[in-house]
Amino acid sequence: MIHLNDIVVKFGDFTALHDINVHVKEGEFFTFLGPSGCGKTTTLRTITGFIEPVKGTVVVRDRDITHVPIENRNIGIVFQSYALFPTMTVYDNIAYGLKIRKVKKPEIDRRVREIAKKVDLSDEQLEKAVSELSGGQQQRVAIARALVTEPEIICMDEPLSNLDAKLRVQLRNELKKMQKDFGITTIYVTHDQEEALTLSDRIAVFNKGYIEQIGTPNEIYNFSKTEFVCNFIGDINRLDGDVVTMMKQKGAEIDETKHNYVRLERLHVNTEIKDGLIPLVGTVETREYYGLYIKYYVRVGDQIIKVIEKNDGVRIYEEGQEVTVVIDPKDIMSYDAGDAS
């Protein structure tokens, strides 16, 4: 549905985006993920029309919109700050885009009340000033305003970043449900890995104006294409020194000239050692108790290895206790030295 073809964006002598190529499918929840300044918001603003690329094209449903004005792109936008009118009522905020398009009053009323109901805003809240609402309610208003004009695409730029952690999780779930209910193609920008993994159908990981990898959450997390993606997504162990030596001595095929990583939950403590698995004896240095799981920091030779174990309430290992960390070499992700950026 949306094709970004060889997009290059420059600000003076600085190249913000280098030959960006993305294909977003109809009805997909597609996330741009990366650290601050990596180019994800610049890409979003190129799609919406706030930025014009020096090279490349933005194509929606086979229509080149690269030079089409913002108001003619039929794209709904939810900004990080929501960009609502604080002194206007919720109703008038939602209706604003329809009024600009000179939609008749009865139709405006019907569509505003219909969309408000879908995003769980009451008739009473419609009459309030936006400034009277909570952060979560204001976010719903911003989404309703973006959807009421019936856009083909909705773009969201870190819409949950101004909310507290508990509300962020709650609204994250609501956001995904709304997107599924509406079936609208959504492009979402975030620096939050957990947010990206839980919400997305597919993710593009950005780094310094380049895309490192595009894939499903599972592909991004478990089959990280580059060392940057591997380190940026979630927590991970880098295997070095004594650990690599011990593994090779026990028959593991591991290339010590490469950078080798393994996810915390792929390791296990004091489990059955089946064929092909590598046992490493170590000592519990410390642990973090999370209820559902426990994170252990185990010293193996000259390295601390982090392991996440499901908390069964029975097997809990104490600081100073000797344990065996079991690794499956097939779970190791390896990258050529010098590839990280």
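Structural data are supplied above this passage.
Definitions and cut-offs
- Residues numbered from 1 in each chain as written.
- Predicted model: local features only at pLDDT ≥ 70, side-chain atom pairs only at ≥ 80, totals over all residues.
- Heavy atoms only, no water.
- Helix = DSSP H or I, 4+ residues; strand = E, 2+ residues; numbered from the N terminus.
- Contact = heavy atoms within 4.5 Å.
- Areas by Shrake-Rupley, 256 points an atom, 1.4 Å probe, with all protein chains shown as cover.
- Lys, Arg positive; Asp, Glu negative; His and termini not counted.
- Charge placed at Lys NZ, Arg CZ, Asp CG, Glu CD.
- Phe/Tyr/Trp six-rings, centres within 6.5 Å; stacked < 30°, edge-to-face > 60°.
- Lys NZ or Arg CZ within 6 Å of the ring centre and 35° of its normal.
- Buried < 20%, exposed > 50% of the residue type's maximum accessible area, 1.4 Å probe, protein only.

Summing up its helical and strand segments, the chain has 10 helices and 18 strands in all. Dimensions along the principal axes, computed over C-alpha positions, put the chain at roughly 75 × 45 × 30 Å. In the chain, the proportion of contacts linking residues at least 24 apart, taken out of those at least 6 apart, comes to 67%. Entry remark: accessible area of the chain is about 16700 Å², with carbon and sulfur atoms responsible for 48%. One finds the centroid of the 44 positive side-chain charges in the chain at a distance of 6 Å from the centroid of its 53 negative side-chain charges.

All told, the structure shown has 9 aromatic pairs when counted by the stated rule. These aromatic residues form a ring-pair network of at least three members: Phe30, Phe32 and Phe206. One cation-aromatic arrangement involves Arg263 over Tyr221; the distance from NZ or CZ to the ring centre is 4.1 Å.

Within the element layout of this structure, Asn311 appears in the loop between β16 (303–310) and β17 (322–327). With a relative accessible area of 15%, Asn311 lands in the buried category. Those residues within four positions of Asn311 in sequence are excluded, and the remaining contacts are Tyr289, Gly291, Leu292, Tyr293, Ile294 and Ile316.

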